[in-house]
Amino acid sequence: MKYDTKRITSRAFLIYSLVNVLAYAFAHVAYLFANEVIGELFEYVSYYLSKSLEFLAPPIIAAIAYLILKTSGRRRAILFTLAVASARVFYSLPYYYIIFIYNYGYDSVESILLSFLATVLVILVTMLGVLISICVYQLVERIICKRSGEDIREALARPIEKTSITDFLARSNLPVLVFALSRFAFSLTLELVDTVAYLIEYRGDYLPTEIITILVNYILLFVLLVVSYLIASLIRNKLIADNESEKTSEE
């Protein structure tokens, strides 16, 4: 039951590209009106939109990549991940260019080179997050098989099933759940480090609004955990259903 990886990759790249363009548009408007109220508003929207995008992308890409991995092999899954992660260029390249040229005073050539290097790093980090998530799932599957006495090869070769949106503890939901939890654990760790560093640096000299912002960031992480699981599950189910429909029509 192989998937049309070219079509899936092109669609995923297009959607992710459009989302990144939208995210950068908010950041650009925030920069254009930096000293005005509307600029501050767009800056907040841009910050949380970018934060959400960074969280949601890896588990969703991992859910699709794992389908490709099981049916078409590791090479196609890695190529898919690289291609989709590359869509991040539409946000990070212009974003870092503006930062380097206006905030740090580099000339245009230096800013282009530095923003290109930063973009490559962002793409590689996104890829790494996806691949690590898949490896974590396979490790969890091995642990479960070891405890239950199942054969790990048979477990990993099990036909891909649709996930149940309501019963997230079902065995078929394990890959998507692990992908979402892996991203959540990483983001939560970064948030805790930032919080501790902030509290140590400013000690008791901080405003109530700053504490509220910190709390909002943690609440957002929990919301994104649920949202990433739901979106990844829906996309996974859609791809499986479409593939089964095409297979039935061919027969």
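Residues numbered from 1 in each chain as written. Predicted model: local features only at pLDDT ≥ 70, side-chain atom pairs only at ≥ 80, totals over all residues. Heavy atoms only, no water.

Trainee: Sorry, what's going on with the nonpolar core here?
Mentor: Soluble, globular proteins show a tendency: their nonpolar side chains are buried together. Phe-55, Phe-80, Ile-134 and Phe-179 are the most contacted members of the largest nonpolar core, which has 46 residues in total. Examining the composition of this core, we find that 14 residues originate from one element, helix α2 (residues 37-72), more than from any other. In this structure Ile-134 touches Ala-62, Ala-65, Tyr-66, Leu-69 and Phe-179, once residues within four positions along its chain are discounted. (Core = buried A, V, L, I, M, F, W, Y, C linked by side-chain atoms within 4.5 Å. Buried < 20%, exposed > 50% of the residue type's maximum accessible area, 1.4 Å probe, protein only. Helix = DSSP H or I, 4+ residues; strand = E, 2+ residues; numbered from the N terminus. Contact = heavy atoms within 4.5 Å.)

Trainee: So what exactly am I meant to see when it comes to the packing of aromatic side chains here?
Mentor: Note on aromatic pairs: each is described by the distance of the centres and the angle between the planes. Evaluation of the coordinates by the stated rule reveals 13 aromatic pairs. Taking the centre distance of 6.3 Å and the plane angle of 65° together, the rings of Phe-13 and Phe-90 count as edge-to-face. With Phe-13 in helix α1 (residues 5-32) and Phe-90 in helix α4 (residues 89-103), this pair connects stretches of sequence that are 77 residues apart. Put simply, the rings of Tyr-24, Tyr-91, Tyr-95, Tyr-96, Phe-100 and Tyr-104 pair up and form one aromatic cluster. (Phe/Tyr/Trp six-rings, centres within 6.5 Å; stacked < 30°, edge-to-face > 60°.)

Trainee: Before we go on, may I ask you to explain the state of the cysteines in this structure?
Mentor: Defined simply, a disulfide is a covalent bond joining two cysteines at their sulfur atoms. Across all of its chains, the model carries zero disulfides by this definition. For Cys-135, which is in no disulfide, the shortest distance to another cysteine sulfur is to Cys-145 and amounts to 16 Å. We classify Cys-145 as buried; its relative accessible area is 2%. (Disulfide = S-S within 2.5 Å.)

Trainee: Would you mind showing me how to read the packing of α2 against helix α5 (residues 108-148) here?
Mentor: When two helices pack together, their arrangement is given by the angle between their axes and by how far apart the axes lie. For the pair α2 and α5, interaxial distance at closest approach is 9 Å and the crossing angle is 60°. Relative to α5, the element α2 lies oblique. α5 is crossed by α2, and the crossing has right-handed handedness. Counted together, Pro-58, Ile-61, Ala-62, Ala-65, Tyr-66 and Leu-69 of α2 and Thr-126, Val-130, Ser-133, Ile-134, Tyr-137 and Gln-138 of α5 form the full contact between these two elements. Its residues assigned to classes, the contact of α2 with α5 shows nine nonpolar, three polar and no charged. (Axes fitted to C-alpha atoms, helices over the stretch in contact; angles between N-to-C directions. Parallel < 35°, antiparallel > 145°, perpendicular 65-115°, else oblique. Left-handed = near helix turned anticlockwise from the far one by under 90°. Nonpolar A, V, L, I, M, F, W, Y, C, P; charged D, E, K, R; others polar.)

Trainee: Which parts of the structure should I look at to understand the pattern of salt bridges?
Mentor: Oppositely charged side chains can pair when the atoms bearing their charge come close. All chains considered together, the criterion is met by two salt bridges. Two residues, Lys-51 and Glu-191, come together in a salt bridge whose shortest N-O distance is 3.1 Å. Here Lys-51 is found in helix α2, whereas its partner Glu-191 is found in helix α7 (residues 174-202), with 140 residues between them in sequence. Between Glu-54 and Arg-88 there is a salt bridge whose closest N-O contact spans 3.4 Å. Of this pair, Glu-54 sits in helix α2 while Arg-88 sits in the loop between α3 (74-85) and α4, and the two are 34 residues apart along the sequence. For Glu-54, a relative accessible area of 41% gives the class partly exposed. (Salt bridge = Lys/Arg side-chain N within 4 Å of Asp/Glu carboxyl O.)

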